[in-house]
Amino acid sequence: MANITKKVSWSSRGDEGTPLLNGSETRRHSKESSAGGAVFQIGRLSTVDLEEEMMSDEDSVRGRPKEIPHNEKLLSLKYESLDYDNIENQLFLEEERRMSYMGFRCLEISRWVVCGLIGFLTGLIACFIDIVVEQLAGIKYQVVKENIERFTEVGGLSISLILWAVLNSIFVMVGAIIVAFFEPIAAGSGIPQIKCYLNGVKIPRVVRLKTLVVKVCGVICSVVGGLAVGKEGPMIHSGAVVAAGVSQGRSTSLKRDFKIFEYFRRDTEKRDFVSAGAAAGVSAAFGAPVGGVLFSLEEGASFWNQMLTWRIFFASMISTFTLNFFLSIYHKNPGDLSNPGLINFGRFENDSVAYYLYEIPLFIAMGAIGGLLGALFNVLNYWLTIFRIRYVHRPCLQVMEAMLVAAVTATVSFTMIYFSDDCQPLGPEHTEEYPLQLFCADGEYNSMATAFFNTPERSVRSLFHNQPGSYNPLTLGVFTLTYFFLACWTYGLTVSAGVFIPSLLIGAAWGRLCGILLATISATGSIWADPGKYALIGAAAQLGGIVRMTLSLTVILVEATGNVTYGLPIMLVLMTAKIVGDYFVEGLYDIHIKLQSIPFLHWEAPATSHWLTAREVMSSPVTCLNKVEKVGTIVDTLSNTSTNHNGFPVVVQGASSEEPAKLCGLILRSQLIVLLKHKVFVELARSRLTQRKLQLKDFRDAYPRFPPIQSIHVSQDERECMMDLSEFMTATPYTVPQDTSLPRVFKLVRALGLRHLVVVDDENRVVGLVTRKDLARYHLGKHGLEELQLAQT
């Protein structure tokens, strides 16, 4: 790897005119101790020499949008880390000493109560979404169906097409407007953002109440608007937002504090509850409590423990029970809790269809096909997302694109139905919700309409459970091809939408097609090649090929379909799809995380990084504070707009002034702001002018939206006062010698959830600081160990 010759700088978040790259000075590591006055611009980090030319300031201001212009070697500097390491200062230790055994037991009970509330509220939200979607979609499809039937005989079906397209566009327009103009973070499924949050990345506004409201309303509009989307991803995000709010016992958006669960107002506790919320969302979507726990473990959470497993399972169970209970009341069948969840795949237990040993190779082959198709889907969506980042970055353009996709989806659907001659008899036990006769004979319905003229969930259910002969091969082939590209185009729009159900629908279609073809070419195929069985295998293969989940997805599908018999084939299919897909490209969620340039830390450091040491990856020199520091120095340090430090090593001077300062603690920006706000100055404490001693409650009340330093008023006289940090700093911060290898540093930061890791020399002098961005910029590429370029968005 070439040595570093470029330097990247960035400004405060409000400065949108800052160029991505600025200057070309050589980075230098200071081997001297950083005393109180040393200023370190953390933004000046090394980057690998790229082949692109530097832009001038004028070009940057004139031509650059707010979004990151795509580059494979970009890492955004706008994302901060969460504080997953407990702040063990004197206040914390004193509170812990005062707490009795009963107090700890009450805290544990409170955690279970919070998880129960999370499950209950998530189930209610899922129930609300399901009922509203069912009512609005029912009205829309009934109006269009009646219009089509009226104009089929007399002509003028173009009016029906326009009506369908207009209705779709109106719903999608509403959903896109509230996302694009009110809460852009609510776009998409939300799974990549929650995955990053649980990894320790602070994604702005991702767990706000406003985000939840926009997410719920947006996904209703998206599904009713006929887009190739699902409700499951937004349900996971919704559950996470519910968890983040309930666990804090207050709403900062509504400015209401219920004075409960105050102990949980810190990132560590909040993270665990968000894991429970994500699992409750999966459970409500699929009726899969165990699958929800495994999803949170496999795809979501980066930190786990045994007790958390049981609490998350409890939240998932409550979520499923709540959803099914209220849906049974809505369907006027109270007490019937057999509904499998928000997304009803139907049960396979009555199908009396098993699989045979000689079918295993066929299932594995279908898994390989799913991996190939999933890789193709991801690559196409990857380039489409790059196009959107570059050219469709204005909210008005995003709304227009969403409306265009809605109109095109309706047009394509209508065209497929119009030209299809796949007519099936309409038996007394038919399950079609809105059967369209169109040009079929009396007593028959258009089979293509069953797939297109329905919500995606109902289409999946019909492909799983309709009798053999319900679809002809041409219908399934055309539908698979059409819906594949529609789903690929739709994912990434500025609407709230998930990719689970479209993926399952695509896979169910080509899987059922495989079952029909096997039954045709084999003499005994009609006995063992059941189309519904192969539709299930195809659905698993396609979804696994796109999102690359294995264990959790196996359990989700087993629970959702109610048949454990298919556990082994589904697992084999998902493993094959993942292996084949990973050979070509990453999973869809990982691709979108990378495209957003988020500093995500994977489980392990890059394989070939042992030769790098902490000295080479750290940021230096560091802004340090003295144990007893002047208030003016602290205010100036926090107000410095050229840097945005969030952690400051605290040093103490030696016996003589010539002796270098040594590390004695670490304090955060948020703590310093609270101290300044409450004017915790040495002189005021001596003169007994302070009303009371500062407590942990004061820090918890300010969490998570700590006031900016600009809002803190400090007079000129107060600037001359001193502040004693010894009571509030973490006296035993994690440190590493400067010769520690990168993988060891990575393990410490990743496993312990550290925000700052101090690098010291042999005499315990601060020589540097390692943060998330210092580690995330190294990754294993096609040409060995590569380093990402840093950029401000």
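Structure: above.
Residues numbered from 1 in each chain as written. Predicted model: local features only at pLDDT ≥ 70, side-chain atom pairs only at ≥ 80, totals over all residues. Heavy atoms only, no water.

A. Spotlight on the overall build of the protein. In terms of regular secondary structure, the protein is built from 29 helices and 20 strands. Here the protein, with 793 residues, has 58% of them falling under the buried criterion. With an accessible surface of roughly 33000 Å², the protein has 59% of that area assigned to carbon and sulfur atoms. (Helix = DSSP H or I, 4+ residues; strand = E, 2+ residues; numbered from the N terminus. Buried < 20%, exposed > 50% of the residue type's maximum accessible area, 1.4 Å probe, protein only. Areas by Shrake-Rupley, 256 points an atom, 1.4 Å probe, with all protein chains shown as cover.)

B. Up close: the pattern of salt bridges. In the structure shown here, the tally under the stated rule is 30 salt bridges. Here R311 ties to E108 by a salt bridge, and the two come within 3.1 Å at their closest N and O atoms. Linking R311 in helix α10 (residues 306–330) with E108 in helix α3 (residues 101–154), this pair joins segments that are 203 residues apart in sequence. K231 serves as the salt-bridge partner of E457, at 4.0 Å between the closest nitrogen and oxygen. You can see E457 sitting in helix α14 (residues 456–465) and its partner K231 sitting in the loop between α6 (209–224) and α7 (232–246), a full 226 residues away along the chain. Grouping residues by exposure puts E457 and K231 together as buried. Through salt bridges with shared partners, a single ionic network connects E108, R111, R266, E269 and R311. (Salt bridge = Lys/Arg side-chain N within 4 Å of Asp/Glu carboxyl O.)

C. Spatial organisation of the packing of α3 against α7. The contact between α3 and α7 brings their axes to 9 Å, and the two run at 140°. When the axes of α3 and α7 are compared, the pair comes out oblique. In this structure, α3 crosses over α7, and the sense of that crossing is right-handed. Residue-level contacts link V114, L117, I118, L121, T122, I125, A126 and I129 of α3 to M235, G239, V242, A243 and V246 of α7. Considered class by class, the residues forming the contact of α3 with α7 number eleven nonpolar, two polar and no charged. (Axes fitted to C-alpha atoms, helices over the stretch in contact; angles between N-to-C directions. Parallel < 35°, antiparallel > 145°, perpendicular 65-115°, else oblique. Left-handed = near helix turned anticlockwise from the far one by under 90°. Contact = heavy atoms within 4.5 Å. Nonpolar A, V, L, I, M, F, W, Y, C, P; charged D, E, K, R; others polar.)

D. A look at the packing of aromatic side chains. Under the defined criterion, the tally for this structure stands at 27 aromatic pairs. An angle of 65° between the planes, with centres 5.2 Å apart, marks the rings of F264 and F273 as edge-to-face. The burial state of F264 is the same as that of F273; both residues are buried. Between the aromatic rings of F699 and F728, the centroid separation amounts to 6.3 Å while the plane-to-plane angle is 45°, which identifies the pairing as tilted. With a gap of 29 residues between them, F699 in helix α26 (residues 696–702) and F728 in the loop between β14 (722–724) and β15 (735–737) connect regions that are remote in the sequence. Chaining the aromatic ring pairs together yields one cluster made of Y141, W164, F414, Y418, F419 and F453. Its guanidinium or amino end placed over the ring of Y84, R271 lies 4.6 Å from that ring's centre, counting from NZ or CZ. The ring of W603 carries R750 above its face, with NZ or CZ at 4.4 Å from the centroid. (Phe/Tyr/Trp six-rings, centres within 6.5 Å; stacked < 30°, edge-to-face > 60°. Lys NZ or Arg CZ within 6 Å of the ring centre and 35° of its normal.)

E. Expanded view of the environment of A731. Mapped onto the fold, A731 is located in the loop between β14 and β15. Classification of A731 as partly exposed rests on a relative accessible area of 45%. In the structure, A731 is positioned 67 residues away from C664 in sequence and 6.0 Å away in space, judged by C-alpha atoms. Among all residues touching A731, those that are not within four sequence positions of it are E88, C664 and G665.

F. View of the side chain of R271. Along the chain, R271 falls in helix α8 (residues 267–286). Residue R271 is classed as buried on the basis of its relative accessible area, which comes to 9%. Look past the residues within four positions of R271 in its chain and what remains in contact with it is Y84, L198 and F303.

G. The nonpolar core, seen in detail. Counting 143 residues, the largest nonpolar core has I417, F453, F500 and I570 as the members making the most contacts within it. For this core, the leading source of residues is α3, giving 15 residues. Of all hydrophobic cores here, the second largest spans 29 residues; its members include V650, L672, I709 and M729. (Core = buried A, V, L, I, M, F, W, Y, C linked by side-chain atoms within 4.5 Å.)

H. Looking closely at the state of the cysteines. Tallied over the full model, the rule gives one disulfide. Here C423 is linked by a disulfide to C440, with a sulfur-sulfur distance of 2.0 Å. Taking the sign of the S-S torsion, about -80° here, the bridge from C423 to C440 comes out left-handed. Taken together, the residues C423 in strand β8 (residues 423–425) and C440 in the loop between β8 and β9 (444–446) connect sequence positions 17 residues apart. The class for C440 is buried, based on a relative accessible area of 6%. (Disulfide = S-S within 2.5 Å.)

I. Broad picture of the pairing of strand β18 (residues 778–781). Of the strand pairs in this sheet, β18 and strand β19 (residues 784–787) are connected by four bridges, and their pairing is antiparallel. When the sheet's bridge partners are listed, L780 is paired in β19 with L785. Between β18 and β19, which follow one another and run antiparallel, lie two residues. (Pairing = 2+ DSSP bridges.)

J. Spotlight on α10. A rise of 1.5 Å per residue sets the reference length of α10, with its 25 residues, at 36 Å; its end C-alpha atoms lie 37 Å apart and thus fit the reference within 8%. The complete set of buried residues in α10 reads L308, R311, I312, A315, S316, S319, T320, T322, L323, N324, L327 and S328. Trailing α10 by a residue or two, K332 shows a phi angle of about 60°, which is positive. (Expected span 1.5 Å × (residues − 1).)

K. Expanded view of unusual backbone geometry. Along the chain, S620 connects to P621 via a cis peptide bond; the corresponding omega equals -10°. Residue placement: P621 occurs in the loop between α22 (614–617) and β10 (625–626). Y703 connects to P704 through a cis peptide bond whose omega is 0°. Unlike most non-glycine residues, K255 shows phi in positive territory, near 55°. Its place among the elements puts K255 in the loop between β6 (250–251) and β7 (256–257). The class of K255 is exposed, set by a relative accessible area of 71%. Non-glycine residue K679 carries a positive phi angle of around 55°. As for its placement among the helices and strands, K679 is situated in the loop between α24 (669–677) and α25 (682–686).

L. View of the sheet that holds strand β16 (residues 757–760). With mixed pairing, the three strands of this open sheet are ordered in space as β15-β16-β17. Only two strands of the sheet have a single partner each, and these edge strands are β15 and β17 (766–770). On average, adjacent strands in this sheet sit at an angle of 30° to one another, irrespective of strand direction. Direction of pairing for β16 relative to β17: antiparallel, over a ladder of four bridges.

M. Spatial organisation of the packing of helix α15 (residues 473–490) against helix α16 (residues 500–521). For the pair α15 and α16, the least separation of the axes is 9 Å and the interaxial angle reads 155°. Considering the angle they form, α15 stands roughly antiparallel to α16. Of the two possible hands of crossing, α15 and α16 adopt the one that is left-handed. Taken together, the residues of α16 that come into contact with α15 (itself represented by P473, L476, G477, F479, T480, Y483, F484 and A487) are P502, L505, I506, A509, W510, R512, L513 and I516.

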